Amino acid sequence: MAKPQRALLIVDLQVDFGDPAGSLFVAGAPAALPHVLRLVERARSHGELIVWSQDWHPESTPHFAPQGGTWPVHCVAGSPGAELLPEAVLAQRPGDVVIRKGVAGEDGYSAFSLRNPITGEVRSTELAALLHSSGVTLVTVCGLATDWCVKATALDALTAGFTVEVAVAATAGVELRDGDTAAALQEIESAGGVLC
Ligand code: VGL
Ligand code: ZN
């Protein structure tokens, strides 16, 4: 068997989630950041494909509390809060892939699929096709947040047929409810993902 071709998927390492002043700050993000940066270095040194996802919402979307959704306004397209964390920007290189999700008002939890919050319609982003066409068979997922976008991305990657590893120390959860993060990791593992 050929060696599996790996890609590193870094989910939503953005100011609104990762900076204590961000509108949807994830408490464990600062601790996860150095682990993510180490994974980036490792992937870089092995010449692996690196994918950065960004939550990229319109100003008004059913995803946000003022429009009846769950979340405070965050990661509005083009706003400072939607930028990747400065450490992530420094770690980016030309040739890395950037996937922006939620652009048309979808929830966009997964980097692989978009869900219309009103109709429930789900459609794919370009990511699975891009990874398949690059020969990728194994994806390592890290970033924010474990219980939402990391979980949705990892589960979709499994459904799309990839071998999936989640680098737990390089993730952090929102914990809307206590235990959400542990439950998400459990769900990923039950679906066939490997926690590492
Ligand atoms: C996320 C909540 C809302 C995430 C995105 O990146 O996990 N969580 N939008
Ligand atoms: Zn969002």
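Up top is the structure.
Numbers given to residues run from 1 along each chain, matching the order in which its sequence is written. Here every chain gets a letter starting at A, and every ligand a number starting at 1, in the order they are written. Local features in a predicted model are, by the rule used here, given only for residues with pLDDT of at least 70; side-chain atom pairs are given and counted only at 80 or more, and totals for whole chains, interfaces and linings are based on all residues. In computing side-chain properties, one takes all heavy atoms of the structure into account and sets aside hydrogens as well as water.

*Asks:* Mind showing me how you'd approach the pairing of strand E3 (residues 97–101) here?
*Replies:* The side chains of a regular strand alternate, residue by residue, between the two faces of the sheet. Residue alternation in E3 divides its side chains into a buried set, Val97, Ile99 and Lys101, and an unburied set, Val98 and Arg100. Relative to E3, strand E2 (residues 49–55) is paired through 5 bridges, and the arrangement is parallel. Looking at E3, one finds that Gln54 is bridged to Arg100. Call a crossover right-handed when, viewed with both strands pointing away from you, the route from the first strand across the helix to the second goes clockwise. Numbering goes from the N terminus for both helices and strands, where a helix is a DSSP run of H or I of at least four residues and a strand is a run of E of at least two. Between E2 and its parallel partner E3, the chain crosses via helix H3 (residues 86–91), and the hand of that crossover is right-handed. Buried, partly exposed and exposed residues are distinguished by accessible area as a fraction of the type maximum, computed with a 1.4 Å probe on protein chains only: under 20%, between the cut-offs, and over 50%, respectively. Strands are treated as partners if at least two bridges between them are detected by DSSP.

*Asks:* It is not clear to me how the coordination of the zinc ion (ligand 2) should be interpreted in this structure. Could you clarify?
*Replies:* Reference values for angles at a metal are 109.5 degrees in the four-donor tetrahedral case and 90 or 180 degrees in the six-donor octahedral case. The donor set comprises N, O and S atoms within 2.8 Å of the metal, extended to 3.2 Å for Na, K and Ca; water molecules are omitted, so apparent gaps in a site may simply reflect that omission. Donor atoms from the polypeptide that bind the zinc ion (ligand 2) are Asp55 (OD), His57 (NE2), His63 (NE2) and His74 (NE2), placed at 2.1 to 2.2 Å. For the zinc ion (ligand 2), the donor residues sit on a single chain with the sequence spacing D-x1-H-x5-H-x10-H. For the pair formed by Asp55 and His57, the shared burial category is buried.

*Asks:* I keep staring at the pattern of salt bridges and nothing clicks. Help me out?
*Replies:* If the charged atoms of two oppositely charged side chains come close together, the side chains can form a pair. Note on definitions: salt bridges are taken to be side-chain nitrogens of Lys or Arg within 4 Å of carboxyl oxygens of Asp or Glu. Throughout the structure, instances matching the rule amount to 9 salt bridges. Notably, a salt bridge pairs Glu106 with Arg123, separated by 3.4 Å at the nearest N-O pair. Separated by 17 residues along the polypeptide, Glu106 in the loop between E3 and strand E4 (113–115) and Arg123 in strand E5 (residues 122–124) bring together distant segments of the chain. The partner of Lys151 in a salt bridge is Glu187, and the shortest N-O contact between them spans 3.3 Å. With Lys151 in helix H5 (residues 146–159) and Glu187 in helix H6 (residues 180–190), this pair connects stretches of sequence that are 36 residues apart. Classification of Lys151 by relative accessible area gives partly exposed; the value is 22%. One salt-bridge network, held together by shared partners, links Arg6, Glu48 and Glu165.

*Asks:* Looking at this structure, I do not really get the site of ligand 1. What am I missing?
*Replies:* Asp12, Phe17, Asp55, His63, Trp71, His74, Tyr109, Leu144, Ala145, Trp148 and Cys149 make up every residue found near ligand 1. Polar contacts, as used here, are pairs of N or O atoms within 3.5 Å; protein pairs need one atom able to donate a hydrogen and one able to accept it. Residues neighboring in sequence count only if both atoms are side-chain atoms. A distance of 2.6 Å separates an oxygen atom of ligand 1 from a polar side-chain atom of Asp12. Here a nitrogen atom of ligand 1 sits 3.1 Å away from a polar atom, N or O, in the side chain of Asp55. Only the protein chains shown count as cover for residues, with accessible areas throughout obtained via the Shrake-Rupley method and a probe of 1.4 Å. About the coverage of ligand 1: the protein hides 100% of its 260 Å² of free accessible area. Lys, Arg, Asp and Glu make up the charged group, whereas Ala, Val, Leu, Ile, Met, Phe, Trp, Tyr, Cys and Pro make up the nonpolar group; the residues left over, Gly among them, are polar. A class-by-class count of the residues in the shell around ligand 1 yields 7 nonpolar, 2 polar and 2 charged. Distances are taken per atom, and a residue is near a molecule or strand as soon as one of its heavy atoms is within 4 Å of it.

*Asks:* Could you clarify how one ought to interpret the nonpolar core in this entry?
*Replies:* Across soluble globular proteins, you tend to see nonpolar side chains buried next to one another. For the purposes of this section, nonpolar cores are sets of buried Ala, Val, Leu, Ile, Met, Phe, Trp, Tyr and Cys residues that join through side-chain atoms within 4.5 Å. Of all hydrophobic cores here, the largest spans 57 residues; its most connected members are Ile10, Leu13, Trp52, Leu131, Val139, Phe162 and Val164. The residues touching Phe162, leaving out its near neighbours within four places in the chain, are Phe112, Ala128, Leu131, His132, Val136, Thr137, Val139 and Ala157. Any pair of residues with heavy atoms lying within 4.5 Å of one another is described as a contacting pair.

*Asks:* Explanation requested: helix H2 (residues 29–45) in the structure shown.
*Replies:* Each α-helix turn comprises 3.6 residues. Residues three or four places apart therefore point the same way. The end-to-end C-alpha separation of H2 is 24 Å, in line with the 24 Å expected for 17 residues at 1.5 Å each. Those residues of H2 that fall on the buried side of the exposure criterion are Ala29, Ala32, Leu33, Val36, Leu39, Val40 and Ala43. Projected down its long axis, H2 carries its buried residues within an arc of 130°, all on one side. Of the residues in H2, the exposed ones pointing more than 90 degrees away from the buried face are Ala31, Glu41 and Ser45. Remark: Gly47 follows H2 within two positions and exhibits a positive phi of approximately 70°. The length a helix should cover is 1.5 Å for every residue beyond the first. To obtain the arc, one takes the directions from the helix axis to the C-beta atoms.

*Asks:* Would you mind going over the packing of aromatic side chains with me for this structure?
*Replies:* Where two aromatic rings form a pair, the distance of their centres and the angle of their planes describe that pair. When the centres of two rings from Phe, Tyr and Trp lie within 6.5 Å, Trp using its six-membered ring, the rings pair. Their planes under 30 degrees apart give stacked, over 60 give edge-to-face, and anything left gives tilted. A full pass over the atoms with the stated rule returns 3 aromatic pairs. Judged by centre distance (4.8 Å) and plane angle (90°), the rings of Trp71 and Trp148 are edge-to-face. One end of the pair, Trp71, is in the loop between E2 and H3; the other, Trp148, is in helix H5, with 77 residues separating them in the sequence. Looking at Trp148, the relative accessible area reads 25%, which means it is partly exposed. The interplanar angle of 40° and the centroid separation of 5.1 Å between the aromatic rings of Tyr109 and Trp148 together place this pair among those described as tilted. Residue Tyr109 is located in the loop between E3 and E4, and its partner Trp148 is located in helix H5; the two are separated by 39 residues in the primary sequence.

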